[in-house]
Amino acid sequence: MSKAIDQLVDELPSSGMTVRVLGLLDFAAPGQWQNTTGFDNTIRYVTGESDAGFIGQVRQRALTLYADPNEGYQRAVSIYQMVDSAGGKVGLASMAHMLGEKVGILSFLSKLTPKEDQAQTVDLGLKLVAEMVAFCYTNGFPGDSISDFMGAVKSYEKENLIRLCGIAVFDGLIPLGPDYAQKLMDSASGWSVDDLAKSPIYKGIQGVVPGGEALPFVKSGLGAFHSYLSSFASDRGITLDKVLDQMRGVIDFSEGKFDLLAAFLDISTNYMEHTGIQSVSRSLIQRAAGEI
Amino acid sequence: MKKIALLLALALTLVLVYCSRSGPSPEPQIAPGKNFNSAFPKPSAGLTVQFTQEKEGYAQADLLKDGKKMAQLSISDTDSNPSAREKFKPGARTIAGHPSATVGSLGTAILVANRYQVQVRSIDPGFTAQEREAWLNQFQLGGLK
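Worth saying up front: this structure is predicted, and the values here are computed from it rather than measured.

How each quantity is defined
- Residues numbered from 1 in each chain as written.
- Chains lettered and ligands numbered in written order.
- Predicted model: local features only at pLDDT ≥ 70, side-chain atom pairs only at ≥ 80, totals over all residues.
- Heavy atoms only, no water.
- Helix = DSSP H or I, 4+ residues; strand = E, 2+ residues; numbered from the N terminus.
- Buried < 20%, exposed > 50% of the residue type's maximum accessible area, 1.4 Å probe, protein only.
- Contact = heavy atoms within 4.5 Å.
- Areas by Shrake-Rupley, 256 points an atom, 1.4 Å probe, with all protein chains shown as cover.
- pLDDT = per-residue confidence, 0-100.
- Axes fitted to C-alpha atoms, helices over the stretch in contact; angles between N-to-C directions.
- Parallel < 35°, antiparallel > 145°, perpendicular 65-115°, else oblique.
- Nonpolar A, V, L, I, M, F, W, Y, C, P; charged D, E, K, R; others polar.
- Pairing = 2+ DSSP bridges.
- Polar contact = N/O pair within 3.5 Å; in protein donor to acceptor, adjacent residues only side chain to side chain.
- Core = buried A, V, L, I, M, F, W, Y, C linked by side-chain atoms within 4.5 Å.

## Concerning the overall build of chain B
- For chain B, the count of helices and strands is two helices and seven strands.
- In chain B, the succession of α and β elements from N to C terminus is α-β-β-β-β-β-β-β-α.
- Evaluated residue by residue, chain B yields a buried proportion of 46% over its 145 residues.
- Sequence separation of 24 or more characterises 48% of the internal contacts of chain B that already satisfy a separation of 6 or more.
- About 7100 Å² of surface is accessible on chain B, with carbon and sulfur atoms providing 56% of the total.

## Let's talk about the confidence of the model for chain B
Residues and elements named next belong to chain B.
- Per-residue confidence for chain B gives a mean pLDDT of 85, with 81% of residues at or over 70.
- Counted against residues more than four places away or in other chains, residues 1-10, with its pLDDT under 50, gives 13 contacts.
- When the criterion is pLDDT under 50, residues 12-23 qualifies, and its contacts beyond four places in sequence or with other chains add up to 22 contacts.
- Listed scores for the predicted complex are pTM 0.90 and ipTM 0.88.

## Here's the deal with the packing of helix α7 (residues 117-139) of chain A against helix α13 (residues 214-230) of chain A
All names here are of chain A.
- It is the contact of α7 with α13, at a shortest axis distance of 9 Å, that shows an interaxial angle of 95°. As judged from the angle between their axes, α7 and α13 are roughly perpendicular. Packed against α7, whose contacting residues are Gly125, Leu126, Leu128, Val129, Met132 and Val133, the element α13 presents Phe217, Val218, Gly221, Leu222, Phe225 and Leu229 at the interface.
- Residue classes in the contact of α7 with α13 are distributed as ten nonpolar, two polar and no charged.

## Some words on the pairing of strand β2 (residues 58-65) of chain B
Residues and elements named next belong to chain B.
- In terms of burial, β2 is largely enclosed, as seven of its eight residues are buried.
- As paired strands, strand β1 (residues 47-55) and β2 are joined by eight bridges and run antiparallel to one another. Opposite threonine 48, over in β2, you have leucine 64 as the bridge partner.
- Taken together, the eight bridges between β2 and strand β3 (residues 68-77) define a ladder with antiparallel strand orientation. Each bridged residue has a counterpart across the sheet, and for lysine 65 the counterpart in β3 is lysine 68.

## What to know about the sheet that holds β1(B)
Residue and element names in this part refer to chain B.
- Spatially, seven strands are ordered β1-β2-β3-β7-β6-β5-β4 in an open sheet, and the strand pairing comes out antiparallel. Edge positions in the sheet fall to β1 and β4 (94-95), since each has one partner strand and no second.
- Lying on the sheet, helix α2 (residues 129-136) is in contact with β1, β2, β4, β6 (107-112) and β7 (116-122); it crosses β7 at an angle near 145°.

## A word on the environment of A:Glu49
- Looking at the element boundaries, A:Glu49 is found in the loop between α3 (39-47) and α4 (52-67).
- Since its relative accessible area comes to 3%, A:Glu49 is described here as buried.
- In this structure, the C-alpha to C-alpha distance between A:Glu49 and A:Ser230, residues 181 residues apart in sequence, is 38 Å.
- Side-chain polar atoms of A:Glu49 contact the backbone nitrogen of B:Leu106, separated by 2.8 Å.

## So, the nonpolar core
- Formed by 111 residues in total, the largest nonpolar core has its most connected members in A:Ile174 and A:Ile251.
- Other than its neighbours up to four places away in sequence, A:Ile174 contacts A:Val169, A:Leu240, A:Val243, A:Met247, A:Phe258, A:Leu261, A:Ala262 and A:Leu265.
- Of all hydrophobic cores here, the second largest spans 26 residues; its members include B:Ala31, B:Val49, B:Ala71 and B:Leu141.

Here's what the structure looks like:
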C-alpha cells in the first residue's frame, strides 16, 4: 500500500487546474460535486455528523478497511491513479503558476501532442472500462441481479457523476465531437489486441481487468455502457458550445483546435484520480458508519 | 437491450470470478454480504430500495423517494468488528424485538442474534428517528441467524 486513505484525501488539492475544470462541469450536474478535501471533513460531509467521537470511530474503521488489500478499495484507487498517470503529465510544479489566472495553451505547445482519433477513442473506451472495474472493486456487486448493478451505476451522483461527465466531455466530446459515443462503439467492435496495446492505459489496466483476457472484457464492458453513454450528454444538456463557453473563461485556446485543448486537459489534469479518491472515500466512510 | 444485458452479465461474471480469486480467502466465519440482500426491506409507501455496496460481511442500500436519497440501510456482520456490539447495552430499548442503539445523531441500529447490526441512517435531514425505527421494522430479520 502506497499511502493510507486519510493521507490521500488530506493531500487532495483545493485549487489548481483539475479543480477548476471539474468546477466548469457544474452546469451538467448542478450542485452534485463539491471539492471536499481532508479526511475528517469528508467524514463530516458524507455522514452529516459533527461529533468528534463518532468521527474518530468512523476514521479508525475506514483506515482498517482500506488497509486490507482484499477489501478492494486500494485496488480501486490504484486504477484511478494509473489511468491518470498513463498520459505523461506535466509536473504539478509547472502547473502552480496557473492558479487564478487564465492559462494560454500556446505556452505549452511543445508539450502537447494531439492524439489521432483512433488513439483518443481507445483512451475514451479504456477509461470507461477502468471506471467499471474500479466501481466493482469499491462497491462489490451490489444486489442480486444485473438490474440492481446497473441501477447503482445509473444512479451515479456527486464525485462519481462528475467523473463520468469528465470522461464524456474531456475524453469524448472535445477531442471526438458530439457523436463521440457512436464513434466509440463503431471503433470498439473492430479493436484488436494490437490496437489496444499501444495505449498506456491498456498496459496499466490489463493486469486488473478480470478474466485474464482483456480484449473480450473491454468489448463486453463497453457494450454494456453503450445505451447509457449514448444519451448521457443529451440527458444532461451537454453540448460542445456550452463546454467551450465554460472553457473560455479558464483556458485560452484557438477555435477549431479542439485536439490541442484535449491534449492540454489530458496532461494538465488528473480528474480521474482526484474524484476517484473522493468516491472510494465516500464508499469507505459509508461502510465504516454502518459497521461501527 | 437483451444483448447488452447479456454482455454486461458476462463482464460482471468475469469481475466476480477475478475478485474472488484475488488474494487469500476471506475469514470463513464472516458472512458474505450477498447473504443479507434478501433481508432488506421491500419497496413501500412510494420509497424504493437501491443496493449500493456489497462486501464480505456487509451489504448496503439507499432508500429513495422520487430518486432522492432519504436514508442509508445496512447490515453488517459484527464478527468483523466486534466492538460494534458494545453499544447495545443490556436492558436497552428494543425495536422489532432486538436491542437498539443510536449511532451518532443520525443512525439507529439493532443487533440481531447478538451478531448482525442492522442500521438505518438518515441522509435527508427530514428523515426522522421515528422513520428510521419504522424502516428497521421493515427488514426481514428471520434469515439472520
